[in-house]
Amino acid sequence: MRADSPHRTLADLIAAARARPGVITIGSSGQGSATHFLIEQFAAQAGIQFTHVPYRGSSQSVPDLIAGNVQVVMGEISTVVPTWRGGLTLILATTGPTRSPLAPDIATLIEQGFPGLTGGSWAALMATGGSPAPAIAALNAAALAALADPAYRQRQEEVGAQLSEEAVRTPDGLATWLREERARTRGTAERAGIRAE
């Protein structure tokens, strides 16, 4: 939200969207992007409707928010935090499973009444199907060692990245998470009519 928005809290935004379905515009990082899917999941859980405005990344949507061309943005925290710290925008919620180290005073969507609602971009180390089990085990061990490195963890914190839960840091855990994420994404796409461009 712009810093001068009348909607000072997530509850304010939800109430305004309920009062005027489809009137509030919300920018994402693009049609079918992680932020677009999260917008649709949030709107479904809140029982509200926005008008979606796809951009080519937060680097385009956030300046348009500040200019007043869109009312809300679901953007990457690394892009939004500098404008928030500069007093140009408000952050109403973060979307990780826990509070972001870049904005520790801002409550998550989960904390604000949306259990299980998290989202954003993610990265995983993948290998070709049928790779030998010893190779997978060695790659997993190397990845776990990297995740444990204090310098790596500090750099991830500096850019606002949050590491996955330990249960997802195994080949089986990642496979389970990917199946669940695929099902969530498919359900959201069908419900919201999201089509790849």
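See the structure shown above.
Residues numbered from 1 in each chain as written. Predicted model: local features only at pLDDT ≥ 70, side-chain atom pairs only at ≥ 80, totals over all residues. Heavy atoms only, no water.

J.: Just to check I follow, could you spell out the packing of aromatic side chains for this structure?
T.: Working definition: an aromatic ring pair is given by the centre-to-centre distance plus the angle between the planes. Within the structure shown, the criterion is met by three aromatic pairs. Centroid distance Phe-42 to Phe-50: 6.2 Å. Interplanar angle 20°. Geometry classified as stacked. Of the residues examined, Phe-42 reaches a relative accessible area of 4% and is grouped as buried. Seen from their ring centres, Trp-122 and Trp-177 are 5.0 Å apart, and the 80° between their planes marks the pair as edge-to-face. Of this pair, Trp-122 sits in the loop between helix H4 (77-85) and helix H5 (133-148) while Trp-177 sits in helix H7 (residues 171-192), and the two are 55 residues apart along the sequence. A residue is classified by how much of its surface remains accessible, and Trp-122, at 46% relative accessible area, is partly exposed. Grouping aromatic residues by their ring pairs yields a cluster made of Phe-42, Phe-50 and Phe-114. (Phe/Tyr/Trp six-rings, centres within 6.5 Å; stacked < 30°, edge-to-face > 60°. Buried < 20%, exposed > 50% of the residue type's maximum accessible area, 1.4 Å probe, protein only. Helix = DSSP H or I, 4+ residues; strand = E, 2+ residues; numbered from the N terminus.)

J.: In this structure, what is going on with the sheet that holds strand S2 (residues 51-54)? I would like to understand it.
T.: Across a sheet, strands are paired by hydrogen bonds formed along the backbone, either parallel or antiparallel in direction. Strands sit in the order S2-S1-S3 across an open sheet of three strands; the sheet is parallel. The open sheet terminates on both sides in strands that have one partner only, identified here as S2 and strand S3 (72-73). With two bridges joining them, strand S1 (residues 25-28) and S3 adopt parallel strand pairing. Considered in S3, the bridge of Gly-27 is made with Val-73. (Pairing = 2+ DSSP bridges.)

J.: Is there a simple way to think about the packing of H5 against helix H6 (residues 150-158) in this case?
T.: Two quantities define a packed helix pair, namely the angle between the axes and the distance from one axis to the other. The interhelical angle for the contact between H5 and H6, taken along N-to-C directions, is 65°, at an axis separation of 5 Å. In this view, H5 runs roughly perpendicular relative to H6, as classed from their interaxial angle. Packed against H5, whose contacting residues are Ala-146, Leu-147 and Ala-148, the element H6 presents Pro-150, Tyr-152 and Arg-153 at the interface. Its residues placed into classes, the contact of H5 with H6 shows five nonpolar, no polar and one charged. (Axes fitted to C-alpha atoms, helices over the stretch in contact; angles between N-to-C directions. Parallel < 35°, antiparallel > 145°, perpendicular 65-115°, else oblique. Contact = heavy atoms within 4.5 Å. Nonpolar A, V, L, I, M, F, W, Y, C, P; charged D, E, K, R; others polar.)

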